[in-house]
Amino acid sequence: MALNNMYGARLPQQETMVGAGVQLLVLALLGTAIGMGPAGWLSGLVFAFATWAVLTRALRRTQPRSFGPANRVTLGRSILVGGVTALVADSFESSPPVSLLVGLTAVALILDGVDGKVARRTGTSSALGARFDMEVDAFLILVLSVYVGMSLGPWVLLIGTMRYAFVAAARVLPWLNGELPPSMARKTVAALQGVILLVAGSGLLPYDMNLAAVLTALALLVWSFGRDILWLWRRNGQGPAERTVENRELHERVPSRELVSVGAASAGSEG
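S.K.: Help me understand unusual backbone geometry in this model?
M.R.: Outside of glycine, negative phi angles account for most residues, and trans bonds account for most peptide bonds. You will see that Gln63, though not glycine, has its phi angle at about 50 degrees, which is positive. Relative to the helices and strands, Gln63 is located in the loop between helix 2 (38-62) and helix 3 (69-90). On the basis of relative accessibility, which here comes to 56%, the residue Gln63 falls in the exposed class.

Shown next, in the form of structure tokens:
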């Protein structure tokens with residue numbers, strides 16, 4: 001029985017090894033096709049190793065029975081993102097084929113809507129899968145913001161780094177770690193970031209239109225993060241003093257007989 005459990009635990013980790021191997025194959029194909037330079041190779045290899053190491057560690061900690069079909073889709077997306085990372089890094093030395101960069105990015109963005117549906121339909125949703133999907137999304141946006149920033153200016157990096165700044169702030173302000181309610185607006189704004197950066201990076205639109213589109217994307221992202229931060233602060237971030245004031249105001253507004261009835265009902269339910 002123990003041997004079976006050990007073998008089952010190793011299977012998901014073996015899939016991460018396969019993913020790393022496919023990532024190396026993609027880098028080799030890109031290197032052969034465009035003559036990728038040292039920066040592209042180094043960035044692609046670092047991404048492949050980091051993805052394998054982090055994902056393997058997470059699998060050892062959670063020990064799922066199987067890797068799951070949804071995580072396979074996300075792993076495929078991460079391989080595409082590794083290719084995009086290599087191409088963007090290589091663009092500092094030479095201009096990569098824009099069509100190739102756009103193609104890899106477009107497929108990665110399209111698959112972003114697939115892994116979640118697969119997880120729900122197969123009943124394989126998990127915290128690990130959700131986090132894996134989120135990290136792949138965030139890194140793709142970061143890489144695209146680097147690429148677009150080379151033509152529009154370094155301010156575009158605000159789009160790619162905002163999520164990481166939020167995570168860093170949550171280490172200092174624990175109330176930022178609170179669970180947010182589902183929001184279609186949040187999902188829409190997040191999806192628009194990748195689409196707008198892809199269009200801006202494709203060079204299909206004039207400079208002024210790209211500038212306006214990316215500025216709009218940044219404004220929407222600031223609004224989305226600001227709304228969530230305000231919600232978390234109101235729910236979890238107020239200190240004892242603010243809570244005391246709120247409680248005092250509540251007692252002043254609610255008649256004493258209602259407070260007594262509420263207290264009695266609470267006591268009855270606890271009993």
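S.K.: Mind showing me how you'd approach the environment of Gly82 here?
M.R.: Considering the arrangement of structural elements, one finds Gly82 in helix 3. Residue Gly82 is classed as buried on the basis of its relative accessible area of 0%. Put simply, Gly82 and Leu27 are 55 residues apart on the chain and 8.2 Å apart in space, counted from C-alpha to C-alpha. Contacts of Gly82, omitting those with residues within four sequence positions, involve Gln23, Leu27, Gly44 and Phe47.

S.K.: Hey, could you run me through the pattern of salt bridges in this one?
M.R.: Where side chains of opposite charge bring their charged atoms close, a pairing between them can arise. Tallying each qualifying case throughout the model produces 8 salt bridges. Glu15 is paired through a salt bridge with Arg72; the nearest N and O atoms lie 2.9 Å apart. With Glu15 in helix 1 (residues 2-34) and Arg72 in helix 3, the pair connects residues that are 57 residues apart, well separated along the chain. The exposure class of Glu15 is partly exposed, given its relative accessible area of 22%.

S.K.: For this particular structure, what's the right way to read the packing of aromatic side chains?
M.R.: The geometry of two aromatic rings is summed up by the distance between their centres and the angle between their planes. In the structure shown here, the tally under the stated rule is 3 aromatic pairs. With a centroid separation of 5.3 Å and an interplanar angle of 35 degrees, the aromatic rings of Phe47 and Phe139 are classed as tilted. Of this pair, Phe47 sits in helix 2 while Phe139 sits in helix 5 (residues 127-152), and the two are 92 residues apart along the sequence. Between Phe49 and Trp52, the aromatic rings sit 5.8 Å apart at their centres with planes inclined by 40 degrees, giving tilted as the arrangement. Linking Phe49 with Trp52, this pair stays in helix 2, spanning 3 residues, or about one helical turn. For Phe49, a relative accessible area of 55% gives the class exposed. When the ring centre of Tyr164 is taken as origin, the NZ or CZ atom of Arg163, which lies over that ring, is 5.7 Å away.

Cut-off values and rules
Counting starts from 1 at the beginning of each chain's written sequence and moves along it residue by residue. pLDDT decides what is reported in this predicted model: residues at 70 or higher carry local features, side-chain atom pairs at 80 or more are listed and counted, and totals for whole chains, interfaces and linings draw on all residues regardless. Side-chain numbers here rest on the full set of heavy atoms in the structure, without hydrogens or water. Strands are runs of DSSP state E lasting at least two residues, helices are runs of H or I lasting at least four, and both sets are numbered from the N terminus onward. For each residue, the accessible area found with a 1.4 Å probe, counting protein chains only, is set against the maximum for its type, and the residue is called buried under 20%, exposed over 50%, and partly exposed in between. Should any heavy atoms of two residues lie within 4.5 Å, those residues are counted as being in contact. The term salt bridge refers to a side-chain nitrogen of Lys or Arg lying within 4 Å of a carboxyl oxygen of Asp or Glu. Put simply, two rings from Phe, Tyr or Trp (the six-membered ring, in Trp's case) pair if the centres are within 6.5 Å, and we call them stacked under 30 degrees between planes, edge-to-face over 60, tilted for the rest. Two thresholds decide whether a charge sits over a ring: the Lys NZ or Arg CZ must be within 6 Å of the ring centre and within 35 degrees of the ring normal.

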